[in-house]
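Understanding the architecture of this molecule
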Amino acid sequence: MKLTFEKIYKKIKHIESEIKELQNLKNKVPENKEYSIELHLAFDKVINDLINQKLELEQLEIENPSKELLQSIFSVDIATASTIQVIPPPLRIEEKDQEVLNFLRRIPKVELHLHIEACISKNTIIQILQEHNEKVDEQEIEKLYNFKNLNDFIKLFLFILDSIKKPEDFIFIFNNLRKYLEKNHIQYAEVFYAPSRLIQNGLPFEEIAKVLDSLAKECQIEGGPEVKFLVDVSRTFGPENASKNLQRVLKAKLDNHIGIGLGGAELMGPARDFKDVFAQARANGLHCVAHSGEDDGPWSIWDTVKILKAERIGHGTSAIQDPNLMEYLRDKTIPIEICLTSNLITGKYVRNPKDHPVRRYYDFGIPCTINTDDPEIFNIDLTQEYYNLYKYLNFSITEIIDLVKMSVQYSFHPKKNMLWNKFFKEIEELRKIYSI
Ligand SMILES: [Zn+2]
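Criteria and thresholds
Residues numbered from 1 in each chain as written. Predicted model: local features only at pLDDT ≥ 70, side-chain atom pairs only at ≥ 80, totals over all residues. Domains from an automatic or database assignment. Nonpolar A, V, L, I, M, F, W, Y, C, P; charged D, E, K, R; others polar. Helix = DSSP H or I, 4+ residues; strand = E, 2+ residues; numbered from the N terminus. Buried ≥ 20, exposed ≤ 12 C-beta atoms within 10 Å, placed from the backbone. Pairing = 2+ DSSP bridges. Contact = placed C-beta atoms within 7 Å.

Comments concerning the domain arrangement of the protein chain
Taken as a whole, the protein chain is organised into domain 1 (5-74) and domain 2 (98-430). Placing a centre on the C-alpha atoms of domain 1 and another on those of domain 2 gives a separation of 30 Å. For the side of domain 1 that touches domain 2, the per-class residue count stands at 3 nonpolar, 2 polar and 2 charged.

Brief notes about unusual backbone geometry
Notably, Lys253 is not glycine yet its phi reads approximately 45°, a positive angle. The topology assignment puts Lys253 in the loop between helix H11 (238-252) and strand S4 (257-262). Given 9 C-beta atoms within 10 Å, Lys253 falls into the exposed group. Phi at Asn379 takes a positive value of approximately 55°, unusual for a residue other than glycine. Its place among the elements puts Asn379 in the loop between helix H17 (375-378) and helix H18 (382-392).

A few points about the pairing of strand S3 (residues 226-232)
Look at any regular strand and the pattern is simple: side chains alternate between the two faces of the sheet. Of all 7 residues that make up S3, 6 are buried, and the element is covered over most of its length. Pairing between strand S2 (residues 186-193) and S3: 6 bridges, direction parallel. Note on S3: the bridge partner recorded for Tyr193 is Val231. Bridge count for S3 against S4 is 4 bridges, and the pairing is parallel. When the sheet's bridge partners are listed, Phe229 is paired in S4 with His257.

A closer look at the environment of Phe205
Considering the arrangement of structural elements, one finds Phe205 in helix H10 (residues 205-221). Take Phe205: there are 20 C-beta atoms within 10 Å of it, and that puts it in the buried class. Look past the residues within four positions of Phe205 in its chain and what remains in contact with it is Pro195, Ile199 and Arg248.

In structure tokens:
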């Protein structure tokens, strides 16, 4: 079906006015009635559907659109573009900001939302395939890493997982992770790995876990970054599979495995289905975190905090739609693991760095930690993420240091105060060196 640009434009404008109308109505719902939360959520669901419809229209490729109209709708620089891009252009670093960037690179950091499978570079994949004596099509791999939409991103992720054939492959992968952490002066990291697909492919969980745990131990003994693991029990394969993964973690009893996470397809696995898994993990002293509000609305985050009692929210991008939820997260000091570039690339709720809700979360008093999610896949690192906050969302250096402090504070590190005191001294020294 061919739609003219004017029709699409009109439809978008119509959806925008409907969203506005619904938001006005939602604001008129009294705050403290028994039905208030239910009604707010009902409004949010409809608003969310409309936002999705609008995003879908915005993703349509249009031949020879009028530049003025496009600019007014999508607020992207389309001076040279003839079609709307699904993925925003890479965030560029200007030369005059190089000193700020150098300073941001050198400051000590913590990262709390990072998937080890997404720290695998193209070269490492090639290395692993060669190790297995498999045919390597470098062009095909290059193509996979240049994905253009969410489906292709998932294809790449599965390709990476399917390339891992034995627990020892994680030696290469951990080395990649270590290089990434050291390059960004990340001294402490909590890292996810998702065993479900690997187990399906015949790899024994216990051996993977042991290899990773001892690599983390060695790394720390050698004076490298401290790495702890959160096993992503995964929502994609359902609660039974997640429960099995939890039993495996409990049975393995490894020092550097400190908790579980819930990742995977948010729309396929509602948080409430995993209530028992999380309750059992908590009862056994494991930390619990969950991706939420990345691909679904604020109701998903409500379930994650109320039912799963997750200690941190991964992404939490849709919390901005619900003022009550924002208040709740602030008052209960439940931190959000912000992944700015990841949210822009998957593009569900935010398509322009300037629109990312992290600025409003921070100003509102919600604890925020800054993360990359999938650095090698998204071609991003933590230094650049801090720089993006500085560049696109007007975070001052003092605010950025406050965010670094929050990442320490809301980590599961056993000696957070000591770690922050060490960081603080190093940062003070660097501020003098860079006159920042
Ligand atoms: Zn993630």
